[in-house]
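Spelled out, the chains give:
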Amino acid sequence: MASRTVAKDIITLKGSAAIVSEFFGYAANSILYNRGIYPEESFAKVKKYGLPMLLTQDDGVKSFIANLTSQLSEWLEAGKLQRVVLVIMSKATSEVFERWNFSIETDSEVVEKGVSREKSDKEIMREIQAIMRQIASSITYLPCLDEPCVFDVLAYTDTDVAVPFTWVESDAKLITNPQMVKLHSFDTKIHKVDTLVSYKTDEWEE
Amino acid sequence: MDAGSFSSTSLSSSSKTLSRRPLQEHVLPRHHHQEHVLPRHHHPSRQHGDRFIPDRSSMDFDMARYLLTEGRKEKENTAVSSPSKEAYRKQLAETLMMNRTRILAFKSKPPTPVEGVFQESSIDNVSTTQIRASKPRRYIPQSAERTLDAPEIVDDYYLNLLDWGSSNVLAIALGSTVYLWDASDGSTSELVTVDEENGPVTSVSWAPDGRHIAVGLNSSIVQLWDPTANRKLRTLQGGHNSRVGALAWNNHILTTGGMDSLINNNDVRIRSHIVETYRGHQQEVCGLKWSGSGQQLASGGNDNLLYIWDRSANTQTQWLHRFEDHTAAVKALAWCPFQSNLLASGGGAGDRCIKFWNTHTGACLNSVDTGSQVCSLLWSKTERELLSSHGFTQNQLTLWKYPSMVKIAELNGHTSRVLFMAQSPDGCTVASAAGDETLRFWNVFGTPEVSKPATKTASTGPFANINHIR
């Protein structure tokens, strides 16, 4: 963030990585709250992106997301992160119900040459705000999660990334024949994040 | 001249290429190439055809054919070449995306949501779904699955004329004859018809091995039969001086209850077969049941008394408990298969109650007025359910949930009191014989497929009891 304050509309790789990883943190919190993965009482309201956002107060979840975002920003700064997926699955059977897919396109020139780009903070915030609103409103069309669920986060990285000690390789945890809803995107001019939620359709809908 | 032929061919080719857009870029250069090679040599003089009259000589059929067929070939070629393109694209995608992508996840998973108030509701959800999963609401047919005629059945509350053996053969006494009905193939056979001076038959009981039947007679005699050889093995006499209406097996001990109010334990292996005599009743003994462990015997009589006799007690002929709570004859007795020391007993027309006893402490646990004579009681081998059969007014079978004693089902069909009930070896089907001279089969305790594993557990039940006691 500090490096981004050099000039208002100049955005550096580091700043962009910070914005994107912070976005993941808030988006994950919002999904966990809105999809009822953790009890309502374990969330506290804060103001962010011009919206009231809910952040978990559960220490375990908090540290998980903090560890996640710090690792993500490291990869984002290296331009090695291709995608982040938040998976919601059944606690009992591990069946995957929802995949919140954030694909990331990184401007390789910025990573390689260390140049900066121009985009105002305000504009990025407005784009993120639109995504956050969509996440909050997603409960209107997503099927009810009527059994206890857990979540996991998958990071799709380049293969030349050394796997950190705390991470393991995972399968994609895909849903067969999912319904997909594309949400808004945001672009820092360095990282472009496309949001998409795919979910298991209710069987009775057929 | 060159220009003319060129313009005409280029017109035709352009119209063709227009109709075949994707090939445009491939066709045109070739066309130009042909233009230079072929027309110059072959058609130098045919330059000015009337543009309204088709001039076949000025039309370049070779060219047209070339364009048509070559174009088609080209189309096919692209179709042929597309797999390789596809493969290339795939390879490209792989090198760009797949091979360069690694899916990673945290080793330490986020905490599972089990804290807070939500916990209760989530656990509720889990437990209810588990209950739903493990105990789907079963359908209880309201009508009999099968009805057989039972002519000349003696309509006497104090007798016990129906038993279903472990060999899956049902024995029923009709008048002076004992019939066997093989439940596996539905075949009927006659075991014995006793002569007039001994008959009618007042009780039948299968030995636990399913290979011997005890037949109690009106004349106080008890006969042992081998149904496979259709041979009488033994006659037990001298134990009673009036009809034997109640029989109960406990391994090699056959307990007989008589109208003379006596209860005898007969060791069928030895010559002097009466090993114990329980004296307590003052009137006819009509209900006799050994507990699953074989330790306790419950006996009910026309004197409205219910006795519990304990084999392990040193004073073997002294009762363990004497219950006076019933206000009518006690015939219906059933030991609970899932809870040792729990006995259900049903009273006659003047009592109409099902009572539950802890035979260890002698406490009456519950009493339910059923509204009509209780003729027979059976516990489900799989569920915590009790089936009772009744007399006037409904002549119904009632299925109760235990211990809540909520009525689950009432099965109607019999037109007279349902005197006797017997349970199939798998515990699913119940046979009931009534004063209306019918034998009906009810699929009341679930389907055989469902209860197969449960039958196993039920069969281990008695052994579990033995382990507890010894």
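Before any of the text, the structure's been laid out above.
Scoring rules and cut-offs
- Residues numbered from 1 in each chain as written.
- Chains lettered and ligands numbered in written order.
- Predicted model: local features only at pLDDT ≥ 70, side-chain atom pairs only at ≥ 80, totals over all residues.
- Heavy atoms only, no water.
- Helix = DSSP H or I, 4+ residues; strand = E, 2+ residues; numbered from the N terminus.
- Expected span 1.5 Å × (residues − 1).
- Buried < 20%, exposed > 50% of the residue type's maximum accessible area, 1.4 Å probe, protein only.
- Pairing = 2+ DSSP bridges.
- Axes fitted to C-alpha atoms, helices over the stretch in contact; angles between N-to-C directions.
- Contact = heavy atoms within 4.5 Å.
- Buried area = accessible area lost by both parts, 1.4 Å probe.
- Polar contact = N/O pair within 3.5 Å; in protein donor to acceptor, adjacent residues only side chain to side chain.
- Nonpolar A, V, L, I, M, F, W, Y, C, P; charged D, E, K, R; others polar.

*Asks:* I would appreciate a short explanation of helix H4 (residues 121-137) of chain A in the present structure.
*Replies:* Working note: α-helix, 3.6 residues per turn, so residues spaced by three or four point in the same direction. Taking 1.5 Å of rise per residue, the 17 residues of H4 of chain A would be expected to cover 24 Å, and the 24 Å separating its terminal C-alpha atoms lies within 8% of that figure. Among the residues of H4 of chain A, those classed as buried are Ile124, Glu127, Ile128, Gln129, Ile131, Met132, Gln134 and Ile135 of chain A.

*Asks:* What should I look at first to understand the sheet that holds strand S8 (residues 167-169) of chain A in this one?
*Replies:* Hydrogen bonds between backbone atoms are what pair the strands of a sheet, whose relative direction is either parallel or antiparallel. Taking strand neighbours across the sheet as the criterion, the 7 strands line up as S8(A)-S1(B)-S7(A)-S4(A)-S5(A)-S10(A)-S9(A) in an open arrangement whose pairing is antiparallel. Each edge of the sheet is formed by a strand with only one pairing partner; in this case those strands are S8 and strand S9 (179-187) of chain A. Mean inter-strand twist for the sheet, computed between neighbouring axes without regard to direction, equals 25°. Examined bridge by bridge, strand S7 (residues 149-158) of chain A and strand S1 (residues 101-106) of chain B share 5 bridges and lie antiparallel to one another. By the bridge assignment, Asp158 of chain A is partnered in S1 of chain B with Thr101 of chain B. Contacts from helix H1 (residues 13-34) of chain A reach strand S4 (81-90), strand S5 (96-106), S7, S9 and strand S10 (191-199) of chain A within the one sheet, and its direction differs from that of S10 of chain A by about 20°. H4 of chain A contacts S5, S9 and S10 of chain A of the sheet and is inclined by roughly 160° relative to S9 of chain A.

*Asks:* I keep staring at the environment of Val215 of chain B and nothing clicks. Help me out?
*Replies:* All names here are of chain B. Its location among the elements puts Val215 in strand S8 (residues 213-217). Val215 gets classed as buried once you look at its relative accessible area, which sits at 0%. Once the C-alpha coordinates of Val215 and Val178 are considered, the two residues, 37 residues apart in sequence, prove to be 8.3 Å apart.

*Asks:* Hey, could you run me through H1 of chain A in this one?
*Replies:* All names here are of chain A. Between its first and last C-alpha, H1 extends 31 Å over 22 residues, near the 32 Å set by a 1.5 Å rise per residue. In terms of burial, H1 is a largely internal element, 18 of the 22 residues being buried. In the stretch just after H1, Gly36 is the one whose phi turns positive, near 65°.

*Asks:* What's the story with the interface of chain A and chain B in this structure? I'm lost.
*Replies:* Size of an interface: often given as the accessible area lost when the parts come together. Every contact between the two is made by 37 residues of chain A and, on the other side, 22 residues of chain B. When chain A packs against chain B, close to 2,800 Å² is buried across both sides, 61% of that on carbon and sulfur atoms. Counting across the chain A and chain B interface gives 3 residue pairs in polar contact (both at pLDDT 80 or more). Taken together, the elements giving at least two residues each to the side of chain A that touches chain B come down to helix H2 (59-78), S7 and S8 of chain A. No other element matches the 10 residues that S7 of chain A contributes to the side of chain A that touches chain B. Its residues assigned to classes, the side of chain A that touches chain B shows 22 nonpolar, 8 polar and 7 charged.

*Asks:* Got a minute to help me understand the side chain of Thr177 of chain B in this structure?
*Replies:* All names here are of chain B. On the secondary structure map, Thr177 appears in strand S5 (residues 177-182). For Thr177, a relative accessible area of 9% gives the class buried. Engagement of the side chain of Thr177 in a polar contact is seen with the side chain of Thr193, the distance being 2.9 Å.

*Asks:* Looking at this model, I keep getting lost on the pairing of S7 of chain A. Mind explaining?
*Replies:* Here is the key point about a regular strand: its side chains alternate between the two faces of the sheet. Residue and element names in this part refer to chain A. Buried residues dominate S7, accounting for 10 of its 10 residues. Here S4 runs beside S7; their pairing, made up of 9 bridges, is antiparallel. Opposite Met89, over in S7, you have Val150 as the bridge partner.

*Asks:* How should I be thinking about the side chain of Glu127 of chain A in this particular structure?
*Replies:* Residues and elements named next belong to chain A. Mapped onto the elements of the fold, Glu127 is located in helix H4. Here the side chain of Glu127 touches Asp187 through a polar contact of 2.8 Å, landing on its backbone nitrogen. Setting aside residues no more than four positions away along its own chain, Glu127 makes contact with Lys119, Ser185, Phe186 and Asp187.

*Asks:* Looking at this model, I keep getting lost on the sheet that holds S5 of chain B. Mind explaining?
*Replies:* Residue and element names in this part refer to chain B. The 4 strands are arranged S3-S4-S5-S6 in an open sheet whose pairing can be described as antiparallel. Of all the strands in the sheet, just strand S3 (162-164) and strand S6 (188-193) have a single pairing partner and so form its edges. Sheet twist, expressed as the mean angle between neighbouring strand axes with direction ignored, is 20°. Bridge count between S5 and S6: 5 bridges; the pairing is antiparallel. When the sheet's bridge partners are listed, Leu180 is paired in S6 with Ser189.

Interpretation note: all reported values are geometric properties and have no functional meaning in isolation.
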